[in-house]
Amino acid sequence: MHDRHQQHAQHSPHARYAAGVFRAAGARTVLALGAGDGEDALFLAHEGFTVRAVHDVRAPLPLPDDSVDAVYAHLLLCMALSTKEIRAAVDELGRVLRPGGLLVYTVRHTGDAHHGTGISHGDHIYEHGGRVVHFFDADLIHDLAKGWRMHGLEAFEEDELPHRLWRVTQARPRVTGARTARRPGSPESR
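No experiment lies behind these values; they were computed from the predicted model shown.

## Notes on the overall build of the protein
Move 1: Per the secondary structure count, the protein includes five helices and nine strands.
Move 2: Here the analysis covers contacts within the protein between residues at least 6 apart in sequence; of these, 68% occur between residues at least 24 apart.
Move 3: Of the accessible surface of the protein, which amounts to about 9700 Å², a share of 52% is contributed by carbon and sulfur atoms.

See below:
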């Protein structure tokens, strides 16, 4: 008999970290962004979470306001997205997260060996070996956390180069007093 971790050995250590953080916070529903081969999303589902995967963060998310307990994004936000698109995506994540909901994401940072190499697209975006990456500096991480509660910011390395990344854990603030206003047309405003 195999245990569930052996069956899904291809998931990233970041999914394991996120599962622990989400479980400790009492999360039940998880939005997995840019699920790729699906191993991290599948791991989270096998850990008992109800998981919904979405690949495109350039468009509004097909979810109602306050509809998920947690969001997980491993390397999605550092793909070929401008800073403006990243800010809009994080705002959209704040919309679909319930008050107190957690966002765990990883991105490559400006200390990475590939930052500043290859073809520059401006805005800390570089193309190297056919892959376009937006590298995050600490200012962008902190800017994206404005209006959120920061729970953790960890710099780490992985792979052979090694790639240098940030792992960010932040929470949407809990609403006190009156409920926040809804966007016109959102399911909860009807």
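## Quick notes on the nonpolar core
Move 1: In terms of nonpolar packing, the biggest core is built from 32 residues, with L31, L33, V71, Y105, V107 and F136 touching the most fellow members.
Move 2: Counting residues in hydrophobic clusters, the runner-up holds 14 residues, among them A15, L44, Y72 and A171.

## Some points on the sheet that holds strand β9 (residues 163-171)
Move 1: The six strands are arranged β2-β1-β3-β4-β9-β8 in an open sheet whose pairing can be described as mixed. Only two strands of the sheet have a single partner each, and these edge strands are β2 (50-54) and β8 (149-158). Going from strand to strand, the sheet's axes swing by 15° on average, the running direction of each strand aside.
Move 2: Pairing of β8 with β9, which is carried by nine bridges, proceeds in the antiparallel orientation. Looking across to β9, one finds that E154 is bridged to R167.
Move 3: In this fold helix α2 (residues 13-24) packs onto β1 (29-33), β3 (68-74), β4 (97-108), β8 and β9, with an angle of close to 165° to the strand it touches most, β3.

## Looking at helix α3 (residues 39-46)
Move 1: Every buried residue of α3 is listed here: D40, A41, F43 and L44. Taken down its axis, α3 places every buried residue within 160° of arc, on the same side.
Move 2: A positive phi of about 105° marks G48, the residue just after α3.

## Topic: the packing of aromatic side chains
Move 1: Tallied over the entire structure, the rule returns two aromatic pairs.
Move 2: Between the aromatic rings of F22 and F49, the centroid separation amounts to 6.2 Å while the plane-to-plane angle is 90°, which identifies the pairing as edge-to-face. With F22 in helix α2 and F49 in the loop between α3 and β2, the pair connects residues that are 27 residues apart, well separated along the chain.
Move 3: A centroid spacing of 6.3 Å and a plane angle of 55° characterise the contact between Y126 and F135, whose relative ring orientation is tilted.
Move 4: Over the ring of Y17 we find R167; its NZ or CZ atom is 3.9 Å from the centre of that ring.

## Quick word on the environment of A138
Move 1: By secondary structure assignment, the location of A138 is in helix α5 (residues 138-144).
Move 2: In sequence terms A138 and H109 are 29 residues apart; their C-alpha atoms lie 8.0 Å from each other.

## Examining the pattern of salt bridges
Move 1: Applying the stated criterion across every chain, the model contains 11 salt bridges.
Move 2: One salt bridge connects D66 with R172, and the closest N-O pair in it is separated by 2.5 Å. Of this pair, D66 sits in the loop between β2 and β3 while R172 sits in the segment after β9, and the two are 106 residues apart along the sequence. Both residues of the pair, D66 and R172, count as buried.
Move 3: A salt bridge links R164 to E157; the nearest nitrogen and oxygen atoms lie 2.9 Å apart.
Move 4: Of the residues examined, E157 reaches a relative accessible area of 47% and is grouped as partly exposed.

## Focus on the sheet that holds strand β7 (residues 131-134)
Move 1: Taken in spatial order, the three strands line up as β5-β6-β7 in an open sheet, and their pairing is antiparallel. Both edges of this open sheet fall to β5 (119-120) and β7, since each of them pairs with a single strand only.
Move 2: Bridge count for β5 against strand β6 (residues 125-128) is two bridges, and the pairing is antiparallel. Paired with I119 across the strands is E127, a residue of β6.

Calculation rules
- Within each chain, residue numbers correspond to sequence positions counted from 1 in written order.
- Owing to the predicted nature of the model, reporting of local features is limited to residues with pLDDT of at least 70; listing and counting of side-chain atom pairs is limited to 80 or more, with chain, interface and lining totals taken over all residues.
- By convention in this description, side-chain values take in all heavy atoms of the structure and omit both hydrogens and water.
- Here a helix means four or more residues in a row that DSSP labels H or I, a strand means two or more in a row labelled E, and each is numbered from the N terminus.
- Whether two residues are in contact is decided by their heavy atoms, any of which lying within 4.5 Å being enough.
- To be clear on the numbers: accessible area is Shrake-Rupley with a 1.4 Å probe, and residue cover counts the displayed protein chains and nothing else.
- Throughout this description, the term nonpolar core refers to a set of buried Ala, Val, Leu, Ile, Met, Phe, Trp, Tyr and Cys residues connected via side-chain atoms within 4.5 Å.
- Only protein chains enter the area calculation, which uses a 1.4 Å probe; residues under 20% of their type maximum are buried, those over 50% are exposed, and those in between are partly exposed.
- Any two strands with at least two DSSP bridges between them are considered paired.
- Comment: axis = line fitted to C-alpha atoms, over the contacting stretch for helices; angle = value between 0 and 180 degrees taken between N-to-C directions.
- Relevant arc is that of directions from the helix axis to the C-beta atoms, nothing else.
- Aromatic rings from Phe, Tyr and Trp, with only the six-membered ring used for Trp, were paired whenever their centres fell within 6.5 Å, and each pair was classed as stacked if the ring planes differed by under 30 degrees, edge-to-face if by over 60, and tilted otherwise.
- Each ring is checked for a lysine NZ or an arginine CZ that lies within 6 Å of its centre and within 35 degrees of its normal; such an atom marks a charge sitting over the ring.
- Whenever Lys or Arg places a side-chain nitrogen within 4 Å of a carboxyl oxygen from Asp or Glu, that contact is recorded as a salt bridge.

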